[in-house]
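# Geometric and topological summary
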Amino acid sequence: MAESWDASYDPGSQSEDSYNFERFHIEPIYDAFVCPLTKQVMRDPVTLENGQTFDREAIERWFKECRERGRKLICPLTQKELKSADLNPSIALRNTIEEWTARNEAAQLDMARRSLNTTSPESDVLQSLKYVEYICRKNRSNKHVVRNAELIPMIVDTLKSSNRKVRCKALETLKFVIEEDVDNKAILAEGDTVRTIVKFLSHEQSKEREEAVALLHELSKSEALCEKIGSINGAILILVGMTSSKSENILTVEMAERTLENLEKCDNNVLQMAKNGRLQPLLNQLLEGPPETKLSMASSLGELVLSSDVKVHVASTVGSSLIDIMRSGNIQSREAALKALNQISSCGPSSKVLIEAGILPPLVNDLFTVGTNHLPMRLKEVAATILANIVSSDYEIESIPVGPDHRTLVSEDIVHSLLHLISNTGPAIECKLLQVLVGLTSSPATVLNVVTAIKSSGATTSLVQFIEAPQKDLRVASIKLLQNLSRHMGQELANALRGTVGQLGSLIKIITENIGITEEQAAAVRLLAELPERDLGLTRQMLDEGAFQQIFVRVVRIRQGEARGIRFVTPYLEGLVQVLARVTFVLAEEPDAIAFCRENNLAAVFIELLQSNGLDNVQMVSAMALENLSQESKNLTKLPELPPPGVCASIFPCFSKQPVITGLCRLHRGTCSLKDTFCLLEGQAVEKLVALLDHTNEKVVEAALAAISTLLDDGVDIEQGVMVLCEAEGIKPILDVLLEKRTDNLRRRAVWAVERLLRTDDIAYEVSGDPNLSTALVDAFQHADYRTRQIAERALKHVDKIPNFSGVFPNMG
């Protein structure tokens, strides 16, 4: 074969292949077979009027060139003018050439067949593959010759060659062998050949990859083979990846895209594409396919894991169609639509798209409808989940009508229906419906409507009982709902928790359970923190049940470094501190509260918490707790007991001399300590409170200033309090708070504190020349509330800005 085919043949262009394969033959070639123009064997010989014979295609091209150049028609051999361009077919010659060609090609094909085996030299195998490709390209009818010669399985075997050039040529040859030939495609698809071709797709950036994609594309034109290609593990995944590749050859990308388009004829392939990120075919089928296909696609859509961006696209594309199916389909179709809507509604932007597509009315109808055509409870649970997703978006739900008479989701009777459904269903749907109420109560625009409906329905006690539910998801949903409600109906919730049923104990158990910090614990402690802080009965019950001690232990452990980096540690710690602080609001009425604060040195704990940088709420609540503790200091300080005067002193007063008692508190004039009397002069509390006066959060500043103001309050030595603030460099920060005027509450507190400071002549003299301070006091005197204006007037008198005889306001004590 090497002798017959030029061994020096360079596998270049296809034209060279044609030339070489036509040039080398088995039987001798006659000159009469060769066209004088092309020097190749003629396919369709024709004769001119002068008897010269040429291949039809060649002589027609010659005549065309003559006409284009404006020349007369001449014979290309004799160069003599022709009178006519008539071409007479040389039928006998053509038949002879065809017979010769057939014998020659058969012999060459036999030679190729003998060379297509693993023992032949690679050069012979390559030549054989090229010859098979050549005859298939030359004449389509030759493809059945290749099939009959059983060459297709032999070519497939060469795909196992260790030579990359052989493998590439085999893939390319197979593409030409099966092109537009159904029978050849069927033979190629037998066995594991398709799997072998798919394996070549994983060869990154290689010629084999390109040839394999082209071959698969040709196979995919057969609808019968589309399912087989898709059934090969990884085939669709790789093809989808190729279409999105930015480094792939652009022609390969286009071929992969066209292959996938062919594979879309099979529903199973469409589902596979969707699972691998190519979702549009599924959406198209869902929009345009027959009913059974729509059902299949909707069912699959409900099982896919989608990114948020994809969910928005899906909602925009098929949301309306799914809603239509949910409205009017049979139970099976409605189930598929509901599950798909559940999947795509789980992010805010896609929820908004579904709301605008009209999902709310049929969704609410499905939840509340009973009797004929009602949804089974398992699907009501799905509907409730979708509704929970919907209401958690930022959309103005209260503006969307969901029933007659312009009723909305927060209309009283609708909320009553939700509450009724919660009371008459199982835990799974109860959880979802509670989540709906959580979403509605998370928005300032809808929470008051829900609060009103809950109060009018008397459902508070029922909602509180879910705290003891054995299902964690149900407990979390109920606690979140109660937390949202606590800001608006805290006293009702406190009353419900304070009974003998045990919900308060259950709540404390959840909060203090030593299992790490969970979302449930964070929500539970925030609920307890939001309840009225001065509810003496609730605080007393918490003291009796040891709740504060457990809370205290958790705070200390977190401050010692436990649970760092956990997701819910910040809201959990904030809630713990706020709950712990409530014990300081009942000190005057509850001796056990004082005892608890002393035993645990609570003042020192709150002083330490003042330095919780980045935790504004912790700092604010700690300052508030210190204010409460400091207010009680003057009642707890033990005043010294002076000895009775002697006999001489009673007769002769000149002999009497007041005894000197050392170690007394300069502020409270008695025996003080941080632990027992909560005196802020201990533990560097004043310095730490002063440091918070320049905080960016005005609520922290207000709480710190309130705590500092206890040093200047009636019942303490105000002059000494001023001295303490001077030593702590707190005078200027207090004056700065007044100058900044960030809020009315801050101004009110600052005016009060500044007036107390200005009672000290040295301070009054020093600041009297400050025009900014005078302006701030004048502004308060003119525009603040009645009580603050009185105090501002007194402060202005201290700096001689208002004469003492100009009492504008009556003495209010």
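Residues numbered from 1 in each chain as written. Predicted model: local features only at pLDDT ≥ 70, side-chain atom pairs only at ≥ 80, totals over all residues. Heavy atoms only, no water.

## Details of the overall build of the chain
The line we're drawing: Secondary structure elements follow DSSP: runs of H or I no shorter than four residues count as helices, runs of E no shorter than two count as strands, and numbering proceeds from the N terminus. With C-alpha atoms as the basis for the radius of gyration, the globule rule is written as 2.2 Å multiplied by the number of residues raised to the power 0.38. Note on definitions: a residue-residue contact is assigned when non-hydrogen atoms from the two residues lie within 4.5 Å. We get accessible surface area from the Shrake-Rupley algorithm with a probe of 1.4 Å; when it comes to residues, only the shown protein chains can shield them. The positive count covers Lys and Arg only, the negative count covers Asp and Glu only, and His and the chain ends enter neither. Think of each charge as sitting on NZ of Lys, CZ of Arg, CG of Asp or CD of Glu.
Check the secondary structure of the chain and you find 43 helices and 3 strands. Expected size for 813 residues packed as a compact globule is a radius of gyration near 28 Å; at 47 Å, the chain overshoots this value by more than 25%. If you take every contact in the chain between residues at least 6 apart in sequence, the share linking residues at least 24 apart comes to 65%. For the chain, the exposed surface amounts to about 38600 Å²; the carbon and sulfur share of it is 49%. Within the chain, the 108 negative side-chain charges are centred at a point lying 2 Å from the centre of the 88 positive side-chain charges.

## Describing the pattern of salt bridges
Here the idea is simple: oppositely charged side chains can pair when their charged atoms come close. Stated precisely, the cut-off is as follows: A side-chain nitrogen of Lys or Arg and a carboxyl oxygen of Asp or Glu constitute a salt bridge if their distance falls within 4 Å. Under the scheme applied here, a residue whose accessible area is under 20% of the maximum for its type counts as buried, over 50% as exposed, and between as partly exposed, the area being computed with a 1.4 Å probe on protein chains only.
In total, this model carries 45 salt bridges according to the counting rule given. Between Glu608 and Arg559 there is a salt bridge whose closest N-O contact spans 3.9 Å. With Glu608 in helix α33 (residues 602-609) and Arg559 in helix α30 (residues 547-559), this residue pair connects regions lying 49 residues apart in the sequence. Judged by relative accessible area, which is 38%, Glu608 ranks as partly exposed. By relative accessible area, which is 29% here, Arg559 ends up partly exposed. Several salt bridges share partner residues, and in doing so they unite Asp714, Glu755, Arg756, Arg759 and Arg794 into one network.

## Quick word on a negative patch on the surface
Keep this limit in mind: In this analysis, a patch consists of residues with relative accessible area above 30% that form no salt bridge, clustered at 9 Å for like charges and at 5 Å for the nonpolar side chains Val, Leu, Ile, Met, Phe, Trp and Tyr.
Together, Asp544, Glu545, Asp592 and Glu599 line one region of the surface with negative charge. A relative accessible area of 57% means that Asp544 is categorised as exposed.

## Concerning the UniProt feature "domain: U-box" (unreviewed entry) in the chain
To keep things clear, this is the line we draw: UniProt positions are given in the numbering used here, feature names are shortened, and annotations may be inferred rather than shown by experiment.
Those places that UniProt annotates as "domain: U-box" (unreviewed entry) correspond, in this numbering, to residues 28-107. In this annotation, residues 28-107 is assigned 38% helix and 10% strand; the end-to-end C-alpha distance for the span is 13 Å.

## Some details on helix α4 (residues 122-138)
Which entries qualify depends on this criterion: Given the number of residues in a helix, its expected span is that number minus one, multiplied by 1.5 Å.
Taking 1.5 Å per residue as the helical rise, α4 with its 17 residues ought to reach 24 Å, and the 24 Å between its terminal C-alpha atoms agrees with that figure. Burial within α4 is extensive, with 13 of its 17 residues counted as buried.

## What about the packing of aromatic side chains?
Basically, it comes down to this: Pairing of aromatic rings covers Phe, Tyr and Trp, the last counted by its six-membered ring, and requires centre-to-centre distances within 6.5 Å; plane angles under 30 degrees mean stacked, over 60 mean edge-to-face, and any other angle means tilted. Cation placement over rings: the criterion is NZ of Lys or CZ of Arg within 6 Å of the ring centroid and within 35° of the ring normal.
Across all of its chains, the model carries 4 aromatic pairs by this definition. Ring centres 5.9 Å apart and planes at 45° place the aromatic pair Tyr131 and Tyr134 in the tilted group. You can see Tyr131 and its partner Tyr134 sitting in helix α4, 3 residues apart, about one turn around the helix. When its relative accessible area of 0% is taken as the criterion, Tyr131 is described as buried. The rings of Tyr30, Phe33 and Trp100 are connected pair by pair, giving a single aromatic cluster. The ring of Phe176 has Lys175 sitting right over it, with the charged end atom 4.8 Å from the ring centre.

## Description of the environment of Arg747
Position of Arg747 among the secondary structure elements: in helix α40 (residues 744-757). Here the alpha-carbon distance between Arg747 and Glu608, two residues 139 residues apart in the chain, equals 27 Å. Once residues lying within four places of it in the same chain are set aside, the contact partners of Arg747 are Leu738, Lys741, Asp779, Ala780, His783 and Ala784.

## Examining the packing of helix α23 (residues 427-441) against helix α26 (residues 472-497)
Applicable threshold: Helix axes use the C-alpha atoms of the stretch in contact, all axes being lines fitted to C-alpha atoms, and the angles between their N-to-C directions lie in the range 0 to 180 degrees. By the definition adopted for this analysis, an angle is roughly parallel if under 35 degrees, roughly antiparallel if over 145, roughly perpendicular if from 65 to 115, and oblique otherwise. Crossing handedness is defined as follows: a turn of the near helix away from the far one that is anticlockwise and smaller than a right angle gives a left-handed crossing, while the clockwise case is right-handed. Under the scheme applied here, ten amino acids are nonpolar (Ala, Val, Leu, Ile, Met, Phe, Trp, Tyr, Cys and Pro), four are charged (Asp, Glu, Lys and Arg), and all others, including Gly, are polar.
At a closest axis distance of 9 Å, the pairing of α23 and α26 adopts a crossing angle of 25°. If you check the angle between α23 and α26, you find them roughly parallel. The crossing of α23 and α26 is left-handed. Across from Pro427, Glu430, Cys431, Leu434, Gln435, Leu437, Val438 and Thr441 in α23, the residues of α26 making contact are Asp473, Leu474, Ala477, Ser478, Lys480, Leu481, Asn484 and Leu485. The class makeup of the residues in the contact of α23 with α26 is 9 nonpolar, 4 polar and 3 charged.

## Some points on the nonpolar core
The condition that has to hold: Note on terminology: a nonpolar core comprises buried Ala, Val, Leu, Ile, Met, Phe, Trp, Tyr and Cys residues joined through side-chain atoms within 4.5 Å.
Counting residues in hydrophobic clusters, the biggest one holds 193 residues, and the most contacted among them are Leu301, Leu322, Phe606 and Leu725. In terms of residue count, α26 provides more of this core than any other element does, 10 residues in total. When residues no more than four places from it in sequence are discounted, the contact partners of Leu322 are Leu286, Ala298, Leu301, Ala337, Ala340, Leu341 and Ile344.

## A word on the packing of helix α15 (residues 280-288) against helix α16 (residues 291-301)
Two elements in contact, α15 and α16, have axes separated by 8 Å at closest approach and are oriented at 135°. Comparing the axis directions of α15 and α16 gives the class oblique. Helix-helix and strand crossings are classified by hand; for α15 and α16 the assignment is left-handed. Contacts between α15 and α16 involve Leu282, Gln285, Leu286, Leu287 and Glu288 from the first element and Thr293, Lys294, Met297, Ala298, Ser300 and Leu301 from the second. Residue classes in the contact of α15 with α16 are distributed as 6 nonpolar, 3 polar and 2 charged.

## Concerning the sheet that holds strand β3 (residues 88-89)
Counted only if it meets this: DSSP bridges decide pairing: two strands pair if at least two such bridges lie between them.
What the 3 strands build is an open sheet, ordered β2-β1-β3; its pairing is antiparallel. Unpaired on one side and paired on the other, β2 (53-55) and β3 mark the two borders of the sheet. Strands β1 (45-47), β2 and β3 of the sheet are contacted by helix α2 (residues 56-68), whose axis makes an angle of about 95° with β2.

## Points about the environment of His217
For His217, the position within the fold is in helix α10 (residues 207-220). Taking the C-alpha atoms as reference points, His217 and Met255, separated by 38 residues in sequence, lie 6.7 Å from one another.

## What to know about α2
Which entries qualify depends on this criterion: For this quantity, the arc is that covered by the directions from the helix axis to the C-beta atoms.
Taking 1.5 Å of rise per residue, the 13 residues of α2 would be expected to cover 18 Å, and the 18 Å separating its terminal C-alpha atoms lies within 8% of that figure. Residues Ala58, Ile59, Trp62, Phe63 and Cys66 constitute the buried set of α2. Mapping the buried residues of α2 onto a view down its axis gives an arc of 135°, with all of them on the same face. For α2, exposure combined with an orientation more than 90 degrees from the buried face picks out Glu57, Lys64, Arg67 and Glu68. Where α2 is buried, its residues touch β1 and β2. Directly after α2, the chain includes Gly70, whose backbone phi takes a positive value near 75°.

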